[in-house]
Amino acid sequence: QVQLVESGGGLVQDGGSLRLSCAASGRTVSSYSMAWFRQAPGKEREFVAAIRWSGAPIYYADSVKGRFTISADNARNTVNLQMNSLKPEDTALYYCAAAAGHAWVPLRSVQYGYWGQGTQVTVSS
């Protein structure tokens, strides 16, 4: 089993930046995929970015490509999400997730078996 704890959320102005971190404990192997999802009230959970512990391959949702950067720190068992040029539409509860047993990197929330509690990101205009 894997335990995930997110941190780094908060309130930021339009155009600002935040850095989210996901600390993983338990079984963290190189074959695991790590991802960030987000969910706004009344909306479906949305894929944001995904990465292997090895650092490649990396996938981004079109809505965040060029603004967000996902990275993996193997020494600290931590996955980070650097968010720049934030917009009000980025406001959501951001979740860290882990998936095991896949030869590819999953991009759907139903494919991830482990989830953190989420960290709130609010972008004001």
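Conventions we followed
- Residues numbered from 1 in each chain as written.
- Predicted model: local features only at pLDDT ≥ 70, side-chain atom pairs only at ≥ 80, totals over all residues.
- Heavy atoms only, no water.
- Helix = DSSP H or I, 4+ residues; strand = E, 2+ residues; numbered from the N terminus.
- Rg over C-alpha atoms; globule rule 2.2 N^0.38 Å.
- Buried < 20%, exposed > 50% of the residue type's maximum accessible area, 1.4 Å probe, protein only.
- Salt bridge = Lys/Arg side-chain N within 4 Å of Asp/Glu carboxyl O.
- Phe/Tyr/Trp six-rings, centres within 6.5 Å; stacked < 30°, edge-to-face > 60°.

On to the overall build of the protein chain. Check the secondary structure of the protein chain and you find 0 helices and 11 strands. Mapped from its N terminus to its C terminus, the protein chain presents α and β elements in the order β-β-β-β-β-β-β-β-β-β-β. For 125 residues, the compact-globule estimate of 2.2 N^0.38 gives 14 Å, and the protein chain sits close to it at 13 Å. Each principal axis of the C-alpha atoms in the protein chain carries an extent, and together these give about 40 × 30 × 25 Å. Out of the 125 residues in the protein chain, the part that is buried amounts to 41%.

This part covers the pattern of salt bridges. As enumerated under the stated definition, the model contains 4 salt bridges in all. Measuring nitrogen to oxygen at the nearest pair gives 2.9 Å for the salt bridge that ties Arg38 to Glu46. Given a relative accessible area of 6%, Arg38 falls into the buried group. The shortest N-O distance in the salt bridge between Asp62 and Lys65 comes to 3.6 Å. A single salt-bridge network, built from bridges that share partners, covers Arg38, Glu46, Arg67 and Asp90.

Quick look at the packing of aromatic side chains now. Working definition: an aromatic ring pair is given by the centre-to-centre distance plus the angle between the planes. Under the defined criterion, the tally for this structure stands at 5 aromatic pairs. Here the aromatic rings of Phe37 and Phe47 are separated by 5.7 Å at their centres, their planes lie at 75°, and the arrangement is edge-to-face. Here Phe47 lies in strand β5 (residues 46-52) and Phe37 lies in strand β4 (residues 33-39), a separation of 10 residues in the sequence. Residue classification places Phe47 among the buried positions, given a relative accessible area of 15%. Taken together, a centroid distance of 5.1 Å and an interplanar angle of 50° make the contact between Phe37 and Trp115 tilted. With Phe37 in strand β4 and Trp115 in strand β10 (residues 114-115), the pair connects residues that are 78 residues apart, well separated along the chain.

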